[in-house]
Amino acid sequence: MPSTTRHDPAPSPSLSAVGRALPPHYASQEQLIAALRDLWATKHYNLERLEDLHRNVQVGGRHLALPLEEYPALATFQQRNDAWIRVATELSEKVAREALSRAGLTPKDVDHVFFVTVTGIATPSVDARLVNRMGLREDVKRTPIFGLGCVAGAAGLARAADYLRAFPKQTALLIATELCSLTLQREDLSIPNIIASGLFGDGAACVVLRGAEAPVSGASTGPRVVGSRSVFYPDTERVMGWDVVDTGFKVVLSAKVPQLVKEHIRGNVEGFLAEHGLNRKDVKHWVAHTGGPKVLEGFESALELEPGALERSWKSLRQVGNLSSASVLFVLGETLEEVDAKPGDWGVVMAMGPGFCAEMVLVRW
């Protein structure tokens, strides 16, 4: 049984809408394998191993920032990052407008924009580039966050909700835009880079969050963000991340990730829920980052989830791959649209990423 009820001690921010966008260029996994086979065959790489690694991640295909034939011309970090700035800005605007439309709001209603990414850099940041393009107010506040990687979707939700508790009459956008294909290191024949080339895709998501006292809009209110918890695992900095090299971002990806999930996530989630007078059986809806088959299996086994509890995460992984920070927001959007949640239902949004760390967000319908 749950411990002493804490639940929702104060009015909490709500999730009003989630917008999602994918670049128009799509390639099946077989097309991508063929392109990489042609590239890496000249390096005398074990091509059968390449194909095995790509098929093991269970991704059917991915959307790409650019047409597949344009990637060979990207020889320098500057060329890749220039392409990132252009496409990331376009995709961010598209997804922000979609989310605001779903919420029954306009750009003038936005008080704060949180922008998360790990696949490109820009100063002014992408959120600044959206101010004129979208007609945001000149007093809009902006918080660009770089470096959290896959965990940033859940962490961004938590930080935006924290802000809205302090300013309950305001509205915030969380935009997560990742163009993982532009980070591929073609000369890197390491296993982590080969896995990353088969797992990560491109996409953007935007969540509209509203303070508890924000004016009512035309759209219905979604679940409220009741609480969050961050967990940092000591001495794990080399588990996941980037090495910044002359040609851009070189992936750091340890085989220890699934084991860290299995060792820690149950205790992390149970401790977090206990703070709110809940246990795992009280949670009806699980929204998990699509970290890959072994990560999702680790979530399922460690948390003893019912069959199908993470089906939306598995589906997203198969259809579009791991979109880094945007992934968990894609699954969140599908959950809000597809699940027949009842008033009082509890949900947990969870993701893990560079640090190595975890972020958990508790929501209630």
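In the annotation of an unreviewed UniProt entry, the entry for the protein reads Chalcone/stilbene synthase family protein, and the organism field reads Corallococcus coralloides. Comment text from UniProt for the protein, heading Sequence similarities (unreviewed entry), reads "Belongs to the thiolase-like superfamily. Chalcone/stilbene synthases family."

1. Some words on the packing of aromatic side chains
Taken as a whole and assessed by the stated rule, the structure comprises 6 aromatic pairs. Ring geometry for Phe-114 versus Tyr-163: centroids 6.1 Å apart, planes at 65°, classification edge-to-face. With a gap of 49 residues between them, Phe-114 in strand E4 (residues 112-117) and Tyr-163 in helix H5 (residues 152-166) connect regions that are remote in the sequence. Assigned by exposure class, Phe-114 and Tyr-163 land together as buried. Of note, Lys-141 hangs over the ring of Phe-167, and the distance from its end group to the ring centre comes to 5.9 Å.

2. Focus on the UniProt feature "domain: Chalcone/stilbene synthase C-terminal" (unreviewed entry) in the protein
Sites flagged by UniProt as "domain: Chalcone/stilbene synthase C-terminal" (unreviewed entry) map to residues 229-364. In the segment residues 229-364, helix accounts for 39% and strand for 28%; the C-alpha atoms at its two ends are 15 Å apart.

3. A few points about helix H1 (residues 29-41)
Helix length check: H1 (13 residues) gives 17 Å between terminal C-alpha atoms against 18 Å at 1.5 Å per residue, within 8%. Three or more residues of H1 are buried, namely Gln-29, Leu-32, Ile-33, Leu-36 and Trp-40. Angular distribution of buried residues about the axis of H1 spans 100°; they occupy a single face of the element. For H1, the secondary structure elements touched by its buried residues are strand E2 (25-28), helix H2 (47-56), strand E3 (61-64) and helix H6 (191-199).

4. What to know about the domain arrangement of the protein
When the parts of a complex come together, some accessible area is lost, and that lost area is often taken as the interface size. Split by domain assignment, the protein resolves into domain 1 (15-210) and domain 2 (221-364). For domain 1 versus domain 2, the distance between C-alpha centres works out to 18 Å. Across the boundary between the two partners, domain 1 contributes 60 residues, which contact 51 residues of domain 2. When the buried area of domain 1 at its contact with domain 2 is split by residue, Leu-15, Arg-20 and Cys-150 rank highest and sum to 18% of it. At the boundary of domain 1 with domain 2, the tally comes to 4 salt bridges. The tally of links between domain 1 and domain 2 comes to 15 residue pairs in polar contact (both at pLDDT 80 or more). Counting only elements with at least two residues in the side of domain 1 that touches domain 2, the list comes to strand E1 (14-21), E3, helix H3 (77-103), H5, strand E6 (171-179), H6 and strand E7 (202-210). Among the elements that make up the side of domain 1 that touches domain 2, the one with the highest residue count is H5 (10 residues).

5. Notes on the side chain of Ser-181
Residue placement: Ser-181 occurs in the loop between E6 and H6. A polar contact is formed between the side chain of Ser-181 and the side chain of Asp-202, at a distance of 2.6 Å. In this structure, Ser-181 is in contact with Leu-64, Ala-65, Tyr-71 and Asp-202, ignoring residues within four places of it in sequence.

6. Brief notes about the layout of surface pockets
The volume enclosed by the largest pocket comes to roughly 740 Å³. For the largest pocket, the lining is made up of 38 residues, of which Cys-180, Ser-181, Thr-183, Leu-184 and Ser-197 are closest to its centre. Elements with a contribution of two residues or more to the lining of the largest pocket: H1, E3, H6, strand E9 (240-245) and strand E10 (248-253). For the lining of the largest pocket, the leading source of residues is E10, giving 5 residues. Looking at the lining of the largest pocket residue by residue, the classes come out as 24 nonpolar, 10 polar and 4 charged. Taken domain by domain, the makeup of the lining of the largest pocket includes at least three residues from each of domain 1 (15-210) and domain 2 (221-364). Counted as a void, the second largest pocket has a volume near 580 Å³. In this structure, the second largest pocket is lined by 25 residues; those nearest its centre are Val-57, Ile-195, Leu-253, Pro-258 and Lys-294. Elements supplying a minimum of two residues to the lining of the second largest pocket: H2, H6, helix H7 (257-275) and helix H8 (293-302).

Analysis parameters
Throughout this document, residue positions are counted from 1 along each chain, in the order its sequence is written. Only residues with pLDDT of at least 70 get local features here, since the model is predicted, and only at 80 or more are side-chain atom pairs given and counted; chain-wide, interface and lining totals rely on the full set of residues. In computing side-chain values, all of the structure's heavy atoms are included and hydrogens and water are not. UniProt positions are given in the numbering used here, feature names are shortened, and annotations may be inferred rather than shown by experiment. By convention, a stacked pair of Phe, Tyr or Trp rings (six-membered ring in the case of Trp) has centres within 6.5 Å and planes under 30 degrees apart, an edge-to-face pair has planes over 60 apart, and any other such pair is tilted. Secondary structure counts use DSSP, requiring at least four H or I residues in a row for a helix and at least two E residues in a row for a strand, with both numbered from the N terminus. Accessible area is worked out with a 1.4 Å probe on protein chains only. A residue is then buried under 20% of its type maximum, exposed over 50%, and partly exposed in between. Either the NZ atom of lysine or the CZ atom of arginine qualifies as a charge over a ring when it sits within 6 Å of the ring centre and within 35 degrees of the ring normal. To estimate how far a helix should extend, the number of its residues minus one is multiplied by 1.5 Å. Read the arc as the range of directions from the helix axis to the C-beta atoms. Here, residues are in contact when the closest pair of their heavy atoms is within 4.5 Å. Each domain's extent is set by a domain assignment, obtained either automatically or from a database. Two parts placed together each lose some accessible area under a 1.4 Å probe, and the buried area is that loss summed for both. The term salt bridge refers to a pairing of a side-chain nitrogen on Lys or Arg with a carboxyl oxygen on Asp or Glu at a separation within 4 Å. Between N or O atoms, a polar contact is any pair within 3.5 Å; within protein, one atom must be a potential hydrogen donor and the other a potential acceptor, and residues adjacent in sequence are included only when both atoms are from side chains. In this analysis, the protein atoms alone were mapped onto a 1 Å grid. Cavities are point sets where a 1.4 Å probe fits without being able to get out; pockets are open sets with protein on both sides within 12 Å along at least five of seven lines; lining residues have an atom within 4 Å of a point. Grid points are joined across faces, edges and corners, and a volume is the space filled by probe spheres set on the points. Gly falls in the polar group here, along with every residue not listed as nonpolar (Ala, Val, Leu, Ile, Met, Phe, Trp, Tyr, Cys, Pro) or charged (Asp, Glu, Lys, Arg).

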